[in-house]
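As a plain string of letters, each chain reads:
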Amino acid sequence: MELIDGNAVASELLEELSKKVASFQNHKPCVAFVRVGEDAASVSYVRKKEKTASKVGIESRLLIFPETITEDQLLKEISYLNQDSDVHGILVQAPLPPHMDDHKIFNHVLPEKDVDGFNATNLGLLCQENQDAFASCTPAGILELLKRTEVDITGKHVVVLGRSLIVGKPVGLLLLQKGQPGNATVTYCHSRTPDLANHTRQADILIAAIGRPLFVGRSMVKQGAIVLDVGINRIPDNTRKSGFRLVGDVNFEEVAPLTSFITPVPGGVGPMTVAMLMRNTVKAYEKSLQAGMTP
Ligand code: GUN
């Protein structure tokens, strides 16, 4: 078993990006973070994204709105950011409050500023295998981890556990793409799939993104499989000052000995999500320069 060190790969990537950003004259790339409400995990994720942006030399703005903001008000705020030529990327942190239509909000972000890759245009472009579009950050991070681990995906059977718009659906599409990294055979399964273990045991590469702590156990994994754990779940832990600890969707202790490669939680896929967001922001900035939008 070999550990895939997401922190190390993300650091490498961020270093490459820092050098690139340092070479930009005058304006620097700028990303706006939009957070609605005080969900503890969202507060912590956005803080991490802000810190990383600052390390790389990317400017950021943080807009915090109360849980009670109406959908129309939030759409208006996004319009301001869409129109602001100093802002190159916009990220609306999920989850949004239940009174909002997530898709409507994500679709309102201009496709060329959609560094999260959540809007319908970028998802459509992903289906068309357009390399110029913004791919969502966690799926793109997973591909980058596989690439830098020198895993040949061609012909491999990938089983994606989970069907979210943020991870499950797009990661399957990326791995299915013609060319490398891609060319995988992809099976999607989810909480309503009967006899899940029967599917997951077929996986050469298993991507766990079902959002249930420690869900994937020994009986669900084939000997020698590559396991990528996307889950970040808080479970109560009285021995910690915070009162909780983070675990993935995979029962690491049980599963790791079976695998050829596995990502830990934390320190696996998570840091890659943030690194890919920075990469997308730099890409958005470069595209705006090409389009003559940034002075
Ligand atoms: N919530 C959980 N993951 C993500 C992400 O990658 N982007 C956004 N915007 N919200 C999230």
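Residues numbered from 1 in each chain as written. Predicted model: local features only at pLDDT ≥ 70, side-chain atom pairs only at ≥ 80, totals over all residues. Heavy atoms only, no water.

*Asks:* So what exactly am I meant to see when it comes to the overall build of the protein here?
*Replies:* The helix and strand inventory of the protein stands at 10 helices and 11 strands. Compactness check: the protein gives a C-alpha radius of gyration of 19 Å against a globular reference of 19 Å for 295 residues, within 12% of the reference. Summarising its shape, the C-alpha atoms of the protein cover approximately 55 × 45 × 35 Å along the three principal directions. For the protein, buried positions account for 51% of its 295 residues. Put simply, 70% of the contacts in the protein that link residues at least 6 apart link residues at least 24 apart. (Helix = DSSP H or I, 4+ residues; strand = E, 2+ residues; numbered from the N terminus. Rg over C-alpha atoms; globule rule 2.2 N^0.38 Å. Buried < 20%, exposed > 50% of the residue type's maximum accessible area, 1.4 Å probe, protein only. Contact = heavy atoms within 4.5 Å.)

*Asks:* In this structure, what is going on with the pairing of strand β2 (residues 30–36)? I would like to understand it.
*Replies:* Remember that side chains alternate between the two faces of the sheet whenever the strand is regular. The element β2 is largely enclosed, with a buried count of seven among its seven residues. Burial of β2 is two-sided: the residues Cys 30, Ala 32, Val 34 and Val 36 facing one way and the residues Val 31, Phe 33 and Arg 35 facing the other way are all buried. When β2 meets strand β3 (residues 59–65), the two strands line up parallel, connected through seven bridges. Each residue of the ladder has a partner; that of Arg 35, found in β3, is Ile 64. Note that the unit made of β2, helix α2 (residues 40–56) and β3 has a crossover that is right-handed. Here β2 runs beside strand β4 (residues 89–92); their pairing, made up of four bridges, is parallel. (Pairing = 2+ DSSP bridges. Right-handed = clockwise from strand over helix to strand, strands pointing away.)

*Asks:* What is the right way to read a positive patch on the surface from this model?
*Replies:* Together, Arg 47, Lys 48, Lys 51 and Lys 55 give the surface a local cluster of positive charge. Positionally, Arg 47 belongs in helix α2. (Patch = residues over 30% accessible without salt bridge, like charges linked within 9 Å, V, L, I, M, F, W, Y side chains within 5 Å. Areas by Shrake-Rupley, 256 points an atom, 1.4 Å probe, with all protein chains shown as cover. Salt bridge = Lys/Arg side-chain N within 4 Å of Asp/Glu carboxyl O. Lys, Arg positive; Asp, Glu negative; His and termini not counted. Charge placed at Lys NZ, Arg CZ, Asp CG, Glu CD.)

*Asks:* Would you take a moment to explain the sheet that holds β3 for this structure?
*Replies:* To summarise the sheet geometry, strands pair through backbone hydrogen bonds and adopt either a parallel or an antiparallel arrangement. Sheet architecture is open: three strands sit in the order β3-β2-β4, paired in parallel fashion. On the outer flanks of this sheet lie β3 and β4, each paired with one strand and no other. The average angle at which neighbouring strand axes cross in this sheet is 15 degrees, direction not considered. (Axes fitted to C-alpha atoms, helices over the stretch in contact; angles between N-to-C directions.)

*Asks:* I would appreciate a short explanation of the state of the cysteines in the present structure.
*Replies:* What makes a disulfide is a covalent bond joining the sulfur atoms belonging to two cysteines. Considering all chains together, one arrives at zero disulfides under this definition. Between Cys 137, a cysteine without a disulfide, and Cys 30, which holds the nearest cysteine sulfur, the sulfur-to-sulfur distance is 16 Å. (Disulfide = S-S within 2.5 Å.)

*Asks:* How should the site of the ligand be read in this particular structure?
*Replies:* In the neighbourhood of the ligand, the contacting residues comprise Lys 49, Leu 91, Val 92, Gln 93, Ala 94, Asp 116, Phe 118 and Thr 273. The contact in question runs from a nitrogen atom of the ligand to an N or O atom on the backbone of Val 92, over 2.8 Å. At a separation of 2.9 Å, a nitrogen atom of the ligand approaches a polar backbone atom of Ala 94. Coverage of the ligand by the protein amounts to 84% of the 280 Å² it exposes when considered alone. Partitioning the shell around the ligand into residue classes produces four nonpolar, two polar and two charged. (Near = heavy atom within 4 Å. Polar contact = N/O pair within 3.5 Å; in protein donor to acceptor, adjacent residues only side chain to side chain. Nonpolar A, V, L, I, M, F, W, Y, C, P; charged D, E, K, R; others polar.)

*Asks:* Explain helix α1 (residues 6–23) to me, please; I cannot follow it from the model alone.
*Replies:* Structural remark: α-helix, 3.6 residues per turn; residues separated by three or four positions point the same way. An ideal rise of 1.5 Å per residue puts 26 Å on 18 residues; α1 measures up with 26 Å between its terminal C-alpha atoms. Those residues of α1 not exposed but buried are Gly 6, Val 9, Ala 10, Leu 13, Leu 14, Leu 17 and Val 21. Down the axis of α1, the sector holding all buried residues measures 130 degrees, keeping them to one side. α1 presents Lys 19 and Ala 22 as exposed residues on the side facing more than 90 degrees away from its buried surface. Tucked into the core, α1 has its buried residues touching α2, α6 (137–148) and α10 (269–290). (Expected span 1.5 Å × (residues − 1). Arc of directions from axis to C-beta.)

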